[in-house]
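The chain contents come next:
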Amino acid sequence: MQASDYPESPGFKASGTSQEAAQAIAGHAKNLRARVLGEIAAAPAGLSADAVADRLGASILSVRPRVSELHRSGEIRRSEERTTNASGMPAAVWIVSPPLQNDGGAQ
């Protein structure tokens, strides 16, 4: 990813349209990322990115990158479950990551 502050800000793989898309969504990405996290957190069994997009009434093309950012930042993780996405392909089911444990430092 070519954004020095990824995953807090959208990244891109190449200059040109990918970079332009990342810049265009940058103002909305933080809010959408929070909404995506909220939907995943509200589903104890987890959700696929497609299911999150459906629940939010948002484009899967804007939700999938937010899922990737949340995964990269450690806020969500893949569950052991899989589902099928709209195109019939296997899809990961995402769940909230457990909080980091205190390693027994001073209290």
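Residues numbered from 1 in each chain as written. Predicted model: local features only at pLDDT ≥ 70, side-chain atom pairs only at ≥ 80, totals over all residues. Heavy atoms only, no water.

## Here we look at the packing of helix α1 (residues 17-41) against helix α2 (residues 49-56)
Moving on, step 1. Two elements in contact, α1 and α2, have axes whose closest approach is 10 Å; the angle formed by their N-to-C orientations is 110°. Relative to α2, the element α1 is oriented roughly perpendicular. Contact residues: α1 offers L32, R35, V36, E39 and I40, while α2 offers V52, R55 and L56.
Moving on, step 2. Among the residues making up the contact of α1 with α2, the classes are represented as five nonpolar, no polar and three charged. (Axes fitted to C-alpha atoms, helices over the stretch in contact; angles between N-to-C directions. Helix = DSSP H or I, 4+ residues; strand = E, 2+ residues; numbered from the N terminus. Parallel < 35°, antiparallel > 145°, perpendicular 65-115°, else oblique. Contact = heavy atoms within 4.5 Å. Nonpolar A, V, L, I, M, F, W, Y, C, P; charged D, E, K, R; others polar.)

## A look at the nonpolar core
Moving on, step 1. Within the largest apolar cluster, 15 residues are counted, with the highest numbers of intra-cluster contacts made by V36, I40, V52, V63, V67, I76 and W94.
Moving on, step 2. Elements with a minimum of two residues in this core: α1, α2, α3 (60-72) and β2 (90-96). (Core = buried A, V, L, I, M, F, W, Y, C linked by side-chain atoms within 4.5 Å. Buried < 20%, exposed > 50% of the residue type's maximum accessible area, 1.4 Å probe, protein only.)

## A few points about the confidence of the model for the protein chain
In regions of low pLDDT, the predicted coordinates are not meant to be interpreted in detail.
Moving on, step 1. Predicted confidence across the protein chain gives a mean pLDDT of 86, with 86% of residues reaching 70 or more.
Moving on, step 2. α2 holds the highest mean pLDDT among the elements of the protein chain, 97, whereas α1 holds the lowest, 87. (pLDDT = per-residue confidence, 0-100.)

## Overview of the pairing of strand β1 (residues 76-84)
Moving on, step 1. Pairing geometry for β1 and β2, over six bridges, is antiparallel. Residue pairing across strands places R82 opposite A92, the latter belonging to β2.
Moving on, step 2. Turn length for the β1-β2 hairpin, with the two strands adjacent in sequence and antiparallel, is five residues, and the turn residue G88 shows positive phi of about 85°. (Pairing = 2+ DSSP bridges.)

## Details of the side chain of D50
Moving on, step 1. Inspection of the secondary structure assignment puts D50 in helix α2.
Moving on, step 2. Side-chain polar atoms of D50 contact the side chain of R64, separated by 3.3 Å.
Moving on, step 3. If sequence neighbours within four positions are ignored, D50 has contacts with I60, R64, N85 and A86. (Polar contact = N/O pair within 3.5 Å; in protein donor to acceptor, adjacent residues only side chain to side chain.)

## Structural notes on α3
Within an α-helix, residues lying three or four positions from one another point in the same direction, as the helix has 3.6 residues per turn.
Moving on, step 1. Under the 1.5 Å per step criterion, the end-to-end length of α3 is 18 Å for 13 residues, consistent within 8% with the ideal 18 Å.
Moving on, step 2. Along α3, the positions that sit buried rather than exposed are S62, V63, R66, V67, E69 and L70. One side of α3 carries all its buried residues, which in axial view fall inside an arc of 160°. Exposed and oriented more than 90 degrees from the buried face of α3 are L61 and R72.
Moving on, step 3. The secondary structure elements touched by the buried residues of α3 are α1, α2, β1 and β2.
Moving on, step 4. At the N-terminal boundary of α3, the capping side chain belongs to S59, with an oxygen 3.0 Å from the backbone nitrogen of L61.
Moving on, step 5. Directly after α3, the chain includes G74, whose backbone phi takes a positive value near 85°. (Expected span 1.5 Å × (residues − 1). Arc of directions from axis to C-beta.)

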